[in-house]
Structure formats: C-alpha cells, structure tokens
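Residue strings, one per chain:
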Amino acid sequence: MYTESLVKLGKVRSEIRELFEYGNKRKAEIGADKVFDFSIGNPSVPAPKSVDAAIEDLVLNFDSVALHGYTSAQGDAGVRETIADYTNKRFGTTITADHIYMTCGAAASLTIVLNAVLQKDDECIVFTPYFPEYGVFLERTGGKLVAVQSEDKTFQIDMNRFEAAITDKTKAVIINSPNNPSGVVYTEDTIQKMSALLKKKEEEYGHPIFVITDEPYRELVYDNTKVPYIINYYDNTFVCYSYSKSLSLPGERIGYIVVSPAMIDEEDAYAAVCGSARALGYVCASSMYQRVVQKCIDQTADISIYKRNRDLLYNALTDMGYECVYPDGAFYLFVKAMEEDSQKFCEEAKKHELLLVPADSFGTPGYVRVSYCVQTEQIENALPEFKALAESYQK
C-alpha cells in the first residue's frame, strides 16, 4: 500500500537518534546528571546575543505581513545579495545573488543538489568517515554511494584509493570539512590534489564531475586552521552551508546553496537547483530567519567553549590510553574503540552511562564518535567513567 523502503526508513531511526532517545529514557530513570550523553551534535553554546537582538528588532520594527510571508522561492533577493557580498569579501569570489538559493538547512541543501545532478545509476563518492544520512539522501535519487577509505591516522583523502574509485559513472563527490565525525579539516594540499585529479578525470570521461561541499562546521575551527573555500580551487562546485552550528540555530533550519560562477553551464546549474527544490517542496525558506542571518552575517556563537571542551577531552582521553584523531574543527572526537567490535565497546560504555556512537554507520568500523558540544561540566564529571572504561580493557 505504501512505499516499502520509506515505511522501513520511517520505522527505524538513525543510530544517533536511537541513542539520543535511549539517553532521554535513562535520564528520566536515574537523573540527567548521572547520564553522560555524547551522542548527538546539538550545539550547547547559545546563539549570540546579536541573534536575539535581530529577532526582537524584526518583530517590533519590520512589517509583520512581510516578515512572516513568502519570499521568492529561492529566497529574499536582499538576503542573497548580503550573503554574496560577504562571501566575496571573505574569499575573493565573484558570487552574485543569482548564484545563491536559500534552504531549510544543510540537509535540504544536500538533497536539492543531489537531485539536481544525479540520475539513476550515477555514482557519488564519499570519503570515510562520512555522515550516514548521505546514503539515505542518495538512495532517493537512484544514485549509488561509493565509499572511499581515507588515509590511516590523518583521515585526509587517500588519492590512490580515490583515483581507483572514479569511473565513467562518477557524477559527484561529497566533501565534508571540517568533518563529521572526525573533526578533520582537509588541507589546502589535499584540496589542490583532489581538484587536479578530478579535472583530469573530467577530461578523460568527457563529462563534469561535481564537488558538493557540506559545510555546516566551516566556522568551527581552532588554532587558526584554514578551511579552503573549494570554489576557488574547482569550478564545478556546489556549496551547501548551514547556520545550525555557526549561529547555534539547528532547530531553525536555515542555510543556503552556492552555485559556483565558474560552473559548467552555470545558468542551467542554478535552474536545476531551483527545479529540484520545487520538485522536493523546498521553496521559500523561513522568511524571518533569512532576515535574521542577514543581520548576523559576520557573527558566530562562542566557539572558544568548544575549543575548551576539545582540549579537555582530547588531552584527558589520550592520557588514559585512548587513541584519538586530533580534531581541527567541528565538535566531535573520533576515538578508536578498545576492542575490534565498536558496537560491543559502546555497549560496555553504557554500563558506565557513557553514550557513544559506534562509527560503523559512518563507514569506519572500530571507531566511536564522541560529541563534545555539551556542557564542560558534563565532560569533567564523565572523565572518571571514561577512565574506568579504559581500565576495564587494560586489565
């Protein structure tokens, strides 16, 4: 009666959501302060005061009908122009308002772009570890996810494995940097090599290969780490951005797509984005929050809190004997499980009320993700349990 694949998808939450719901249940049973939930990437740092001020100003002083009414399908022209001007000033690009499509967050951006460029049996390359929902998004396009194992230890792109994975069916590559779940930022050298390889393969196969950048964590970087803006390195690029993490607005679902001005047939590329959004019903993102982000275009939440959490957790866990990937960005710590089966390791962690996400669904068995976008006090209180968990294996 109903679409079987979607019924199945609707009945089974993602592993992260399942763990999050388990955590809520345990908190109700034994108290929230006794459960150390590191499962979900929900910002713990409040939105900057400028966001509250922008909302107040809009509600009090902006025309109410316009504030809560429809914008153009692709977003308010003034908002898109502000974003274009800011991006050009920051990255030296030549983007205009007509290269930007406002969306309901990064998930909408990704699904719009994937449906705009992929057809049945087209291949899309992702690099491990990768956000599991990519597979869900790709399945609905009829395309095929091709996972390429990243370099050991560094988790940069392994160029030999990457080149071996590219075929005449390769239509797109998803880049997520800073990465969820590893926190790794792709270096400029990595991006340059990736771009050169893709240009060579485009010439070899005689068709474009699109890079789709998933960038909700772009602003969450530490120690002056540079995140290359890929439009400046590779012409056939779509940027999928979200304010969920940078402004701590995950529940407001606001972001945008940028179509590179140098894209092949860029007018048709933008039209394909508009048409895909129309077909999916993703038109006219939140009118009020379009204007909120316009007013807060150069603001971020207090990223220093995440850096403090990273340093505390990374240093403590490595001292305890855990093997961790050093994260330059995002708010996740990627930790090697202390046994081969990361699912079993996470079950052992539950005995200490530590809720960790096994990375099998991220394409990297043997690791777990620890989300440190939590109150610093939670990390401090959890450290004895992490130590006890490590000691149970070391014995």
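To be clear, the structure that these remarks concern was listed above.
Residues numbered from 1 in each chain as written. Predicted model: local features only at pLDDT ≥ 70, side-chain atom pairs only at ≥ 80, totals over all residues. Heavy atoms only, no water.

**Student:** Before we go on, may I ask you to explain helix α2 (residues 15–30) in this structure?
**Tutor:** Because the α-helix completes a turn every 3.6 residues, residues three or four places apart line up on one side. Compared with the 22 Å implied by 1.5 Å per residue over 16 residues, the 22 Å span of α2 between its first and last C-alpha is a close match. Among all positions of α2, only Ile16, Leu19, Gly23 and Arg26 are buried. Burial along α2 is one-sided: seen end-on, the buried residues are contained in an arc of 80°. For α2, exposure combined with an orientation more than 90 degrees from the buried face picks out Lys25 and Ala28. For α2, the elements touching its buried residues are β1 (36–37), α13 (342–350), β11 (354–355), β12 (357–358) and β13 (367–371). Phi turns positive, to about 105°, at Gly31, one or two residues after α2. (Helix = DSSP H or I, 4+ residues; strand = E, 2+ residues; numbered from the N terminus. Expected span 1.5 Å × (residues − 1). Buried < 20%, exposed > 50% of the residue type's maximum accessible area, 1.4 Å probe, protein only. Arc of directions from axis to C-beta. Contact = heavy atoms within 4.5 Å.)

**Student:** What should I look at first to understand the layout of surface pockets in this one?
**Tutor:** One water molecule sets the probe size; rolling that probe over the atoms shows where empty space is left. In this structure, the largest pocket occupies an estimated 1,300 Å³ of space. Considering the residues around the largest pocket, the lining is formed by 43 residues, among which Ser14, Arg17, Phe131, Glu133 and Phe137 are closest to the centre. Of all the elements in the fold, those that place two or more residues in the lining of the largest pocket are α1 (4–11), α2, α6 (105–117) and α7 (133–139). Ranked by residue count, the leading element in the lining of the largest pocket is α6, at six residues. The residue inventory of the lining of the largest pocket, partitioned by class, reads 20 nonpolar, 12 polar and 11 charged. (1 Å grid on protein atoms, 1.4 Å probe; cavity = no way out; pocket = protein on both sides within 12 Å on 5 of 7 lines; lining within 4 Å. Points joined across faces, edges and corners; volume = space filled by probe spheres on them. Nonpolar A, V, L, I, M, F, W, Y, C, P; charged D, E, K, R; others polar.)

**Student:** Any chance you could explain the side chain of Ser342 here in plain terms?
**Tutor:** One can find Ser342 in helix α13. Within polar-contact distance, the side chain of Ser342 engages the side chain of Asp360 at 2.4 Å. With residues near it in sequence (within four places) discarded, Ser342 still touches Ala337, Pro358, Ala359, Asp360, Gly366, Tyr367 and Val368. (Polar contact = N/O pair within 3.5 Å; in protein donor to acceptor, adjacent residues only side chain to side chain.)

**Student:** Got a minute to help me understand the side chain of Asp214 in this structure?
**Tutor:** Following the sequence through the fold, Asp214 ends up in strand β6 (residues 210–215). No salt bridge is formed by the buried Asp214. Its closest oppositely charged neighbour is Lys245, at 8.7 Å. Side chain to side chain, Asp214 and Tyr134 meet in a polar contact 2.6 Å long. In this view, Asp214 contacts Ala106, Leu110, Tyr134, Ile175, Asn176, Ser177 and Cys240; residues no more than four positions away in its chain are not counted. (Lys, Arg positive; Asp, Glu negative; His and termini not counted. Salt bridge = Lys/Arg side-chain N within 4 Å of Asp/Glu carboxyl O.)

**Student:** Help me understand the sheet that holds strand β9 (residues 324–325) in this model?
**Tutor:** Paired through backbone hydrogen bonds, the strands of a sheet run either parallel or antiparallel to each other. One open sheet holds the four strands; their spatial order is β9-β10-β13-β12, and the pairing between them is antiparallel. Two strands lie at the open edges of the sheet, namely β9 and β12, each paired on one side alone. Two elements, β9 and strand β10 (residues 332–336), share two bridges in a ladder whose sense is antiparallel. Following the sheet pairing, Val325 is matched in β10 by Phe334. (Pairing = 2+ DSSP bridges.)

In short, geometric facts, not functional conclusions.
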